[in-house]
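What follows is the residue order along each chain.
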Protein chains: 2
Amino acid sequence: MKINEDTKFLIVGLGLIGGSYAEALSKKDFYVSAIARRPETIDYALNKGIISEGAANPDERLIAEADIIIFALYPHIFVEWIEKYGNLIKPGTLITDVTGVKSGIVYKISDMLPEGVEFIASHPMAGREVGGVENASSEIFAGANFVVTPTDKNTEEAIETCKMLGWMHGFSRVSCLSPEEHDDMIGFLSQLAHCIAVTLMTCNDKPNLQKYTGDSFRDLTRIARINDVMWSELFLLNKEKLLESMKTFANEFNKLQTAIENDDVETMRAMMRRSSERRILFDKKK
Amino acid sequence: MKINEDTKFLIVGLGLIGGSYAEALSKKDFYVSAIARRPETIDYALNKGIISEGAANPDERLIAEADIIIFALYPHIFVEWIEKYGNLIKPGTLITDVTGVKSGIVYKISDMLPEGVEFIASHPMAGREVGGVENASSEIFAGANFVVTPTDKNTEEAIETCKMLGWMHGFSRVSCLSPEEHDDMIGFLSQLAHCIAVTLMTCNDKPNLQKYTGDSFRDLTRIARINDVMWSELFLLNKEKLLESMKTFANEFNKLQTAIENDDVETMRAMMRRSSERRILFDKKK
């Protein structure tokens, strides 16, 4: 499946990411249809002009007519959807997703699909503290990473098409990782970061702390506003890698704690110097 | 000591904060002199017009002529300075500081000062990832907190003058806390946050992580670029409160870890919901 000007996209699930994809693709004059649970979501998207057609149920025609289907659903709903309606997808269709964890999903979905339907998984590493199609905007992809996570089963063509999709959505960086490498990376860079933010936000409820909060604490807890349904699901789907990252962090934190207890200035300073040097690598490219 | 248009300020130490204070006060047409270790620092500040006069040694005349002296030095250098040169400060002078911890400093300094010199401590809760007078700018105080930390020994007049100074520098919030309340608050909101950022930055050096970093990880590690000399000193000066905060955090982190290990979705979701609700309190006022 190569993308050309006649390529028809179907987006299943019109939340923040699905809606933002729809906007990005419609802006580029592609034909975009959508399936969403709530009729109001479809109405909203039609009114905003970010889709051309939509249905509040798994409409057979829309599914059959799509060349590329993008699933922007919670992981378990994605799996249930394919179980129930996967047979409606016509051979030759390419499907991709937005799921934040990969190894627990990719192989399962691939195995359930009809012959001739290829699933090339991807993860748009973008988001906001607020969800829903009302907050959708293709601008959230600027500066962000799009990761394609192919398996041995994927064709070169599907991989290239999916990478192109990343660029079309407006991501600043498009790359490929195996599902396992992806989950390892995301367990540390994203899931652990969310665990830390939630912990910091809930561990101390002395009154009036907010009166003295500076930018440091605000930055560390920005992502503490979190969708509990989605993230608890993502954590458990990547349980092993996440727990590994949590242990790595807790050990290092304990090392710093011991250094402070023992007035061990040299260990503290060595950690801080290494931290300062390493952080430069993570600065945003201007 | 009340501030009027003839009030003369002396700033001892022209780093990021001292330099930014000098700029803020000079802009408001006050007479500002400075003492800094390096002659180049004084030359730079004179050329930039952020001080009117300066010396690279503890100049007796500048010290004697000042109505208000602001010490913007590392904690131990502040203490050493007062030990060596405190006797040069004339009675009637008001002194304040910028030290990031209070109980370990405030009483010690007060006890060393000559009769008639009042020390009213304060903490400008502002900073940047880069230091030095070259990066000084009074703009760093916009949106930030200025905390005055009086003791029983302070006069009402000195407290009011110090609060006024906070507003004059351009802080967005000026408040009073006891040295002990201050250290408790800062141990959690600032020092713990820095410990977490440093730990997160140093605990995993798998290559190429920076290629996939999103805003979450960047936000959590912004303050991982840290002045190791200053912060190791500040940590140890507030050792007890900081260790208490670290333990509180580690216990809660362990609770979340256990919930994930046990597939305990309800505990995870309850933490996330509480975190989301509480984070709203900490949003920046627009």
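Residue indices begin from 1 for each chain and proceed along its sequence in written order. By the order in which they are written, chains take letters starting at A while ligands take numbers starting at 1. Selection of residues for local features in this predicted model requires a pLDDT of at least 70, selection of side-chain atom pairs for listing and counting requires 80 or more, and totals for whole chains, interfaces and linings are taken over all residues. Note that water and hydrogens are dropped before the side-chain values are worked out from all heavy atoms of the structure.

**Examining the sheet that holds strand 8 (residues 145-148) of chain B**
All names here are of chain B. Pairing is mixed across the open sheet formed by three strands, whose spatial order is 7-8-9. The outermost strands of the open sheet, each flanked by one partner alone, are strand 7 (122-125) and strand 9 (173-176). The sheet shows a mean angle of 15° between the axes of neighbouring strands, taken without regard to direction. Pairing between strands requires that DSSP locate at least two bridges from one strand to the other. Elements are defined by DSSP. Helices are runs of H or I of four residues or more, strands are runs of E of two residues or more, and each kind is numbered from the N terminus. As paired strands, strand 7 and strand 8 are joined by four bridges and run antiparallel to one another. Its bridge partner being in strand 8, M125 is matched across the sheet by N145. Each axis is a line fitted through C-alpha atoms, and for a helix only the stretch in contact is used; angles between axes span 0 to 180 degrees, taken between their N-to-C directions.

**Concerning the relation of the copies chain B and chain A**
Superposition of the copies used a least-squares fit over C-alpha atoms from residues whose pLDDT is at least 70 in both. With an RMSD of 0.1 Å, the fit of chain B onto chain A corresponds to turning through 180° and sliding 0.0 Å along the axis. Overall, the copies show the geometry of a two-fold rotation axis. No C-alpha of chain B lies nearer the rotation axis than that of L220(B), which sits 2.3 Å from it. When checking whether two residues touch, look at their non-hydrogen atoms; a contact exists if any pair is within 4.5 Å. Interface overlap between copies is the fraction of interface residues in one copy that are interface residues in the other; for chain B against chain A it reaches 100%, indicating a shared surface.

**Looking at the domain arrangement of chain A**
All names here are of chain A. The split of the chain into domains comes from an automatic or database domain assignment. Segmenting chain A into domains produces domain 1 (8-177) and domain 2 (182-282). Between the C-alpha centres of domain 1 and domain 2 there is a distance of 31 Å. Listed by partner, the interface residues are 15 residues for domain 1 and 14 residues for domain 2. Interface area for domain 1 against domain 2, summed over the two sides, is near 1300 Å², with a carbon-plus-sulfur share of 66%. Salt bridges are defined as contacts in which a side-chain nitrogen from Lys or Arg sits within 4 Å of a carboxyl oxygen from Asp or Glu. Across the contact surface, domain 1 and domain 2 share zero salt bridges. Whenever two N or O atoms come within 3.5 Å, that pair is a polar contact, provided that in protein one can donate a hydrogen and the other can accept it, and provided that, for residues adjacent in sequence, both atoms are side-chain atoms. Linking domain 1 to domain 2 there are five residue pairs in polar contact (both at pLDDT 80 or more). Sorting the residues of the side of domain 1 that touches domain 2 by element identifies helix 4 (75-85), helix 5 (103-112) and strand 7 (122-125) as the ones contributing at least two each. The element that contributes the greatest number of residues to the side of domain 1 that touches domain 2 is helix 5, accounting for three residues. Two parts placed together each lose some accessible area; with a 1.4 Å probe, that loss summed over both constitutes the buried area.

**With respect to the packing of helix 5 of chain A against helix 7 (residues 179-202) of chain A**
All names here are of chain A. Here helix 5 crosses helix 7 at 150°, and the two axes come no closer than 8 Å. Considering their axes alone, helix 5 and helix 7 lie roughly antiparallel with respect to each other. The segment helix 5 lies against helix 7, with S103, G104 and Y107 engaging P179, E180 and D183. Each angle receives one of four descriptions, namely roughly parallel if under 35 degrees, roughly antiparallel if over 145, roughly perpendicular if within 65 to 115, and oblique otherwise.

**Some thoughts on the confidence of the model for chain A**
Predictor confidence is given residue by residue as pLDDT, running from a minimum of 0 to a maximum of 100. For chain A, mean pLDDT is 95; residues scoring 70 or higher make up 99% of the total. With a pTM of 0.91, the predicted complex shows an ipTM of 0.91.

**A few points about the interface of chain B and chain A**
Contacts between chain B and chain A engage 80 residues on the former and 80 residues on the latter. When chain B packs against chain A, close to 8600 Å² is buried across both sides, 65% of that on carbon and sulfur atoms. Connecting chain B to chain A are 16 salt bridges. A salt bridge links D205(A) to R274(B), with the nearest nitrogen and oxygen atoms 3.6 Å apart. There are 38 residue pairs in polar contact (both at pLDDT 80 or more) connecting chain B and chain A. Elements with a contribution of two residues or more to the side of chain B that touches chain A: strand 8, strand 9, helix 7 (179-202), helix 8 (209-212), helix 9 (215-221), helix 10 (228-237), helix 11 (239-261) and helix 12 (265-281) of chain B.

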